[in-house]
Amino acid sequence: MRFALTASCLLMAGTATAQPSPVGRTFHYERTNRDGSEPEQIYMHRAAEDRVVVYKMVERCTRSALVTATIDPETGEATKLVAARLEPGAKSQAYAEMVFDPAKKRIDATIAGNPPTKLALDVPMRPWHLYDYDLGTLAAAMQAQPGSRKSFGFGMALVWPGSPSPLIWTGEATARFVGIERHLDRNTLRFDVSGPAFGDKGGGPLWVDARSGYIVDVQWGRPNHDNYRDFRLKLIGEEPAGDAAWTALLTRHFEGCPGGTSAP
């Protein structure tokens, strides 16, 4: 009888601390320079265990991006990313695709045009994350190991217009656990992230929710878009969960806009 009660208590304790699946959750972030300038709204939606969708917009009724990544749920590493332009009615028009071949350790990208632009990049380190995806895949990796205080590393790629090849490998990043902090009114685990991936601009702190592993705040020296000086990604809040709520969020982007239903 004592054994049965002990087993029952252990099972209840395990259930109490088990983390809910991230599938269906949508987090709203704001990407800025570290001083808060150049704000852009970033919404990360976990559409499935192996799929993350990121919706980016400066303001409603203007051009915005919708980027979908097919990922490894354990590492967050993407095997495919499709960039699209959001259109009225929550529809989208794809304009670029990036495919990662693990066997070849290479990314092949195609950007629509006449003719299409073809790009390729060797990936010397795994897992890798695309920096200008606004940490959507890194966020999935952190949620796969909620509460972990282990230091970790990853490689980083970046799409940077104006460089000899717009798709570049920036190098390795290392995240070192620093401690438990109360940050933005949340209990967080703080990591300091540094390494060659950030060049002479440097990295900086990363805060993740101590219980569920979602990203709370990031403040790094290297920008991830060419109109920024540096990089901050700050959690604003969580949107209603589920596919219907996500579709409604996308639909609202062009609702009631001047010019009717035509996307800019």
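Rules used in this analysis
- Residues numbered from 1 in each chain as written.
- Predicted model: local features only at pLDDT ≥ 70, side-chain atom pairs only at ≥ 80, totals over all residues.
- Heavy atoms only, no water.
- Disulfide = S-S within 2.5 Å.
- Helix = DSSP H or I, 4+ residues; strand = E, 2+ residues; numbered from the N terminus.
- Buried < 20%, exposed > 50% of the residue type's maximum accessible area, 1.4 Å probe, protein only.
- Salt bridge = Lys/Arg side-chain N within 4 Å of Asp/Glu carboxyl O.
- Pairing = 2+ DSSP bridges.
- Phe/Tyr/Trp six-rings, centres within 6.5 Å; stacked < 30°, edge-to-face > 60°.

Asks: Before we go on, may I ask you to explain the state of the cysteines in this structure?
Replies: Formally, a disulfide is one covalent bond, and it connects the sulfur atom of one cysteine to the sulfur atom of another. Under the defined criterion, the tally for this structure stands at one disulfide. One disulfide bridge connects C61 with C257, the sulfur atoms lying 2.0 Å from each other. Between C61 and C257 the sulfur-sulfur dihedral comes to about -80°; the bridge is accordingly left-handed. Residue C61 is found in the loop between β3 (51–57) and β4 (65–71), and its partner C257 is found in the segment after α3 (243–252); the two are separated by 196 residues along the sequence. Since its relative accessible area comes to 24%, C61 is described here as partly exposed. A relative accessible area of 9% places C257 in the buried class.

Asks: Explain the pattern of salt bridges here, please?
Replies: Side chains bearing opposite charge may pair, as long as their charged atoms lie close to each other. In total, this model carries 15 salt bridges according to the counting rule given. Across the pair R46 and E49 runs a salt bridge, and its minimum N-O distance is 4.0 Å. Exposure remark for R46: the relative accessible area of 5% places this residue in the buried category. For the salt bridge of E181 with R190, the shortest nitrogen-to-oxygen distance reads 3.5 Å. Its relative accessible area of 27% is what places E181 among the partly exposed residues. Look at the salt bridges and you will find they share partners, linking R31, E40, K56 and D134 into a network.

Asks: For this particular structure, what's the right way to read the pairing of strand β6 (residues 91–101)?
Replies: The two faces of the sheet receive side chains in turn, since in a regular strand these alternate between them. Strand direction decides the pairing type here: strand β5 (residues 78–87) and β6, joined by eight bridges, are antiparallel. Within β6, the position partnered with E87 by the bridge is K91. Taking the residues between adjacent antiparallel strands as the criterion, β5 and β6 are bridged by three residues, where G89 takes a positive phi near 75°. The pairing of β6 with strand β7 (residues 106–111) spans six bridges and is classified as antiparallel. Paired with A96 across the two strands is I111, which belongs to β7. Linkage of β6 to β7, two consecutive antiparallel strands, is achieved through a turn of four residues, within which K105 is found at a positive phi near 55°.

Asks: Just to check I follow, could you spell out the packing of aromatic side chains for this structure?
Replies: Any pair of aromatic rings gets described here by the distance separating the centres and the angle formed by the planes. Evaluation of the coordinates by the stated rule reveals 12 aromatic pairs. With a centroid separation of 5.6 Å and 65° between ring planes, the pair formed by F152 and F191 is classed as edge-to-face. Of this pair, F152 sits in strand β10 (residues 152–159) while F191 sits in strand β12 (residues 186–194); the two residues are 39 residues apart in sequence, bridging distant segments of the chain. Side by side, F152 and F191 carry an identical accessibility label, which is buried. Linked through ring pairs, Y131, F198, W220 and F231 together constitute an aromatic cluster.

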